[in-house]
Amino acid sequence: LKGKITTFHCRSNTPNPISYEVSSLEDLDRKICLAQEVYESKLWDNPLVRRSFFEHLTLQLIDRQADLMAIYCRESSLTEERFLREFSRMLHQIKVYEREGALRIEPLAAQSFNDRTLIKRLLPLGPIAVFGASNFPLAYGTLGGDTIGALASGCPVIVKGHPLHAGTSAFLAEIAEETLKCLGLPRGIFGHVLDDGFELGQKLIQDPRILGGAFTGSLVGGMSLFQLANQRKNPIPFFAEMGSLNPVIILDNVPNLEEQVNCLASAITEDAGQFCTKPGIILVPKEMFLKAQELLVQHFTAIPSHPMLHPSIYERYVSRLKEIEQHLTVNRFGEPIPWHGLSALVSLSLAEFLNLEPLHHEVFGPFTCLLSYEEPSQLKDLFRCIGGQLTVSFMGLNPENEPLWEFAQQYAGRMIVNGVPTGVLVERNMHHGGPFPSSTDARFSSVGEASLFRFLRPISVQKNY
Ligand code: NAP
């Protein structure tokens with residue numbers, strides 16, 4: 001239907017019954033206008049106003065949890081158990097970001113000089129455009145980390161909802177809008193639009209009244225919006241968190257190869273591997289290669305496949321595997337089921353990998369490359385080839401490998417020892433981001449209290465005597 005968005009349930013191979021209206025350009029313009037009014041009024045700068053909103057919002061979300069779960073599962077094919085984990089993470093983000101936003105309003109201690117004093121504090125950046133990814137409809141979605149972080153920093157927000165979970169997005173937006181109405185707060189604090197193409201999102205990021213952007217999603221989408229944000233007459237900060245290969249380096253002193261490979265196999269296949277931190281490359285010393293391959297194959301053969309989030313992610317996965325198959329054998333595991341992502345593996349040497357360009361970017365889904373290497377010093381070439389990563393993991397580490405560990409840090413947002421990269425904690429010391437191409441600005445995190453700094457700017461006030 002033209003002008004309508006319909007979502008799809010991959011688990012049952014059926015379209016969902018309800019369709020959603022595409023927003024008009026006039027609607028977008030009105031929402032930006034209201035957001036600008038809120039920003040200029042400074043009402044949302046008040047942490048007490050924000051606290052009452054977030055407290056009320058949390059109660060409303062808990063109250064409507066069952067309905068939200070039904071839409072979430074229907075649109076994403078994720079399980080109820082996964083919903084519950086993501087739901088509690090969403091509530092946790094609201095609580096900690098609200099608290100952090102209230103702290104950030106405090107000025108730094110004043111500095112006094114003979115003729116003046118200087119005070120520095122942080123101000124909200126202004127109206128923020130948010131684009132969420134489809135693989136975390138709650139944690140990185142309409143009321144996910146970017147939206148809540150920007151709101152908690154005192155910025156009004158306009159979300160371009162993900163069309164492939166349009167119902168979840170619209171339901172969350174409705175709860176936020178009702179919360180504002182119930183508290184008598186202006187509608188411009190939170191706006192939401194839906195589109196079945198890129199037009200609205202592109203107009204949103206190009207609008208001169210929008211003063212910042214946050215994106216979670218693919219490299220292509222992130223870079224396209226990043227370029228638009230930079231080409232404006234008034235360029236704005238645009239924080240894009242994108243895909244990553246998340247290399248895992250197994251060293252010859254790995255504590256327990258079998259246990260570690262089993263953990264890796266689960267991280268690759270859980271929820272059809274649809275995580276930005278999925279281990280996409282596993283490097284193994286050549287003498288352990290066959291054993292590691294055997295363990296991975298055993299695990300991949302034993303676990304049932306999982307439906308993918310939506311047909312478009314499934315089609316992207318299948319077409320990436322076909323692209324790779326033009327160069328080498330791709331081993332797939334399990335029986336084909338409509339819209340299920342079969343786990344898949346390629347095995348090759350590091351030297352071969354370096355010459356195979358299609359393997360140098362994320363394959364989003366339950367796929368990994370198992371690479372053999374001769375000696376750890378060879379691995380520097382891997383990082384030079386693939387560039388910045390959200391995570392780099394080492395399994396087994398000894399003083400001899402310290403130089404490689406140090407070298408790898410130039411390419412990583414988070415370094416992990418003897419663990420898998422999936423499972424991003426919402427904590428103060430978390431850094432979720434990394435050098436390009438994993439994000440557009442390695443200095444900022446999109447998860448944890450520090451993520452609020454993306455939406456704040458410093459101002460100094462100087463008083464002369
Ligand atoms: P996506 O296709 O890039 O979509 C994200 C959002 O951006 C959607 O609202 C999409 O709208 C919009 N968009 C994409 N291309 C656009 C363009 N050229 N112009 C305007 N808007 C555009 O991402 P996804 O497939 O939903 O999510 C999966 C990806 O997200 C994976 O690569 C994963 O690694 C990454 N991810 C990263 C993180 C992180 O923290 N780094 C976390 C989770 C996921 P349309 O749907 O209308 O295209």
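That block above? That's the structure.
Keep in mind that this is a model prediction, so the values were computed, not measured.

### Digging into the overall build of the protein chain
Across its full length, the protein chain holds 14 helices and 19 strands. The C-alpha radius of gyration computed for the protein chain amounts to 23 Å, which stays within 12% of the reference 23 Å derived for 465 residues, consistent with globular compactness. Counting only C-alpha atoms, the protein chain reaches 70 × 65 × 40 Å along its principal axes. Split into buried and exposed, the 465 residues of the protein chain put 57% on the buried side. Put simply, of all contacts in the protein chain between residues at least 6 apart along the chain, 75% involve residues at least 24 apart. Carbon and sulfur atoms provide 54% of the accessible area of the protein chain, an area that totals close to 19800 Å².

### Looking at the pairing of strand β2 (residues 14-21)
Two elements, strand β1 (residues 4-9) and β2, share 5 bridges in a ladder whose sense is antiparallel. From the neighbouring strand, Phe8 faces β2, where its bridge partner is Pro15. Taking the residues between adjacent antiparallel strands as the criterion, β1 and β2 are bridged by 4 residues, where Asn13 takes a positive phi near 55°.

### Describing the environment of Cys263
With respect to the helices and strands, Cys263 occurs in helix α9 (residues 257-269). Residues Cys263 and Gly419, 156 residues apart in the sequence, show an inter-C-alpha distance of 8.1 Å.

### Overview of the site of the ligand
With respect to spatial proximity, 28 residues lie near the ligand, and among them Ser134, His162, Ser218, Glu362 and His432 are the closest. Side-chain polar atom of Ser134 to an oxygen atom of the ligand: 2.8 Å apart, as the coordinates give it. Gly217 has a polar backbone atom sitting 3.3 Å from an oxygen atom of the ligand. Considering the ligand on its own, with 910 Å² of exposed area, one finds that the protein chains cover 94% of that surface. At the level of secondary structure, the elements contributing two or more residues to the shell around the ligand comprise β8 (212-216), α8 (219-231) and α11 (311-325). The residue makeup of the shell around the ligand, split by class, is 11 nonpolar, 13 polar and 4 charged.

### Re the pattern of salt bridges
All chains considered together, the criterion is met by 22 salt bridges. Between Arg51 and Glu98 there is a salt bridge whose closest N-O contact spans 3.2 Å. Highlighted residues: Arg51 in helix α2 (residues 47-63) and Glu98 in helix α4 (residues 80-104), separated in sequence by 47 residues. Residue Arg51 is classed as partly exposed on the basis of its relative accessible area of 34%. When the shortest N-O distance is used, the salt bridge between Glu100 and Arg104 registers 2.8 Å. With Glu100 and Arg104 both in helix α4 and 4 residues apart, the pair spans about one turn of that helix. According to the relative accessible area criterion, Glu100 is buried, its value standing at 2%. Arg104 gets classed as partly exposed once you look at its relative accessible area, which sits at 24%. Taken together, the shared-partner salt bridges in this structure form one network comprising Glu100, Arg104, Arg428 and Glu449.

### Examining the nonpolar core
In this structure, Leu57, Leu61, Phe353 and Phe367 are the most contacted members of the largest nonpolar core, which totals 93 residues. Contacts of Phe367, omitting those with residues within four sequence positions, involve Ile268, Lys278, Pro279, Gly280, Tyr317, Leu321, Ile324, Ala344, Leu345, Val346 and Leu359.

### Concerning the sheet that holds strand β3 (residues 111-112)
Taken together, 3 strands build an open sheet; the order of strands is β3-β4-β19 and the sheet is antiparallel. Two strands lie at the open edges of the sheet, namely β3 and β19 (456-464), each paired on one side alone. In the sheet, strand β4 (residues 116-124) pairs with β19 via 9 bridges, with the strands oriented antiparallel. Bridging across to β19, Ile119 finds its partner in Val461.

### Remarks on the pairing of strand β17 (residues 389-395)
Within β17, 7 of the 7 residues are buried, which leaves the element mostly enclosed by the surrounding structure. By the bridge criterion, 3 bridges tie strand β10 (residues 247-250) to β17 in an arrangement that is parallel. The residue of β17 that forms the bridge with Ile249 is Phe394. Of the pairings in the sheet, the one linking β17 to strand β18 (residues 412-417) comprises 5 bridges and is parallel in character.

### Let's talk about the sheet that holds β8
The 5 strands lie next to each other as β7-β6-β5-β8-β9, forming an open sheet whose pairing is parallel. A single partner strand is all that each edge strand has here, and the edge strands are β7 (190-193) and β9 (238-241). Recorded for the sheet is a direction-independent mean angle of 15° between the axes of neighbouring strands. Pairing of β8 with β9, which is carried by 4 bridges, proceeds in the parallel orientation. By the bridge assignment, Phe215 is partnered in β9 with Ala240. Packed onto the sheet, helix α1 (residues 25-41) meets β6 (157-160) and β7 and runs at close to 165° relative to β7. Lying over the sheet, α8 contacts β5 (128-131), β8 and β9, oriented at roughly 170° with respect to β9.

### Some details on the packing of aromatic side chains
Tallied over the full model, the rule gives 18 aromatic pairs. Ring centres of Phe83 and Phe87 lie 5.4 Å apart, and the angle between their planes is 20°; this geometry places the pair in the stacked category. Of the two residues, Phe83 and Phe87 are both situated in helix α4; the distance of 4 residues between them amounts to about one turn of the helix. Across the pair, Phe87 and Phe83 agree in class, each one buried. Taken together, a centroid distance of 5.7 Å and an interplanar angle of 40° make the contact between Phe407 and Tyr411 tilted. Judged by its relative accessible area of 11%, Phe407 is buried. Pairwise contacts between aromatic rings join Phe8, Tyr314 and Trp339 into one cluster. For Arg82, the ring lying beneath its charged end belongs to Phe136, and the centroid distance is 4.6 Å.

Conventions adopted
- Residues numbered from 1 in each chain as written.
- Predicted model: local features only at pLDDT ≥ 70, side-chain atom pairs only at ≥ 80, totals over all residues.
- Heavy atoms only, no water.
- Helix = DSSP H or I, 4+ residues; strand = E, 2+ residues; numbered from the N terminus.
- Rg over C-alpha atoms; globule rule 2.2 N^0.38 Å.
- Buried < 20%, exposed > 50% of the residue type's maximum accessible area, 1.4 Å probe, protein only.
- Contact = heavy atoms within 4.5 Å.
- Areas by Shrake-Rupley, 256 points an atom, 1.4 Å probe, with all protein chains shown as cover.
- Pairing = 2+ DSSP bridges.
- Near = heavy atom within 4 Å.
- Polar contact = N/O pair within 3.5 Å; in protein donor to acceptor, adjacent residues only side chain to side chain.
- Nonpolar A, V, L, I, M, F, W, Y, C, P; charged D, E, K, R; others polar.
- Salt bridge = Lys/Arg side-chain N within 4 Å of Asp/Glu carboxyl O.
- Core = buried A, V, L, I, M, F, W, Y, C linked by side-chain atoms within 4.5 Å.
- Axes fitted to C-alpha atoms, helices over the stretch in contact; angles between N-to-C directions.
- Phe/Tyr/Trp six-rings, centres within 6.5 Å; stacked < 30°, edge-to-face > 60°.
- Lys NZ or Arg CZ within 6 Å of the ring centre and 35° of its normal.

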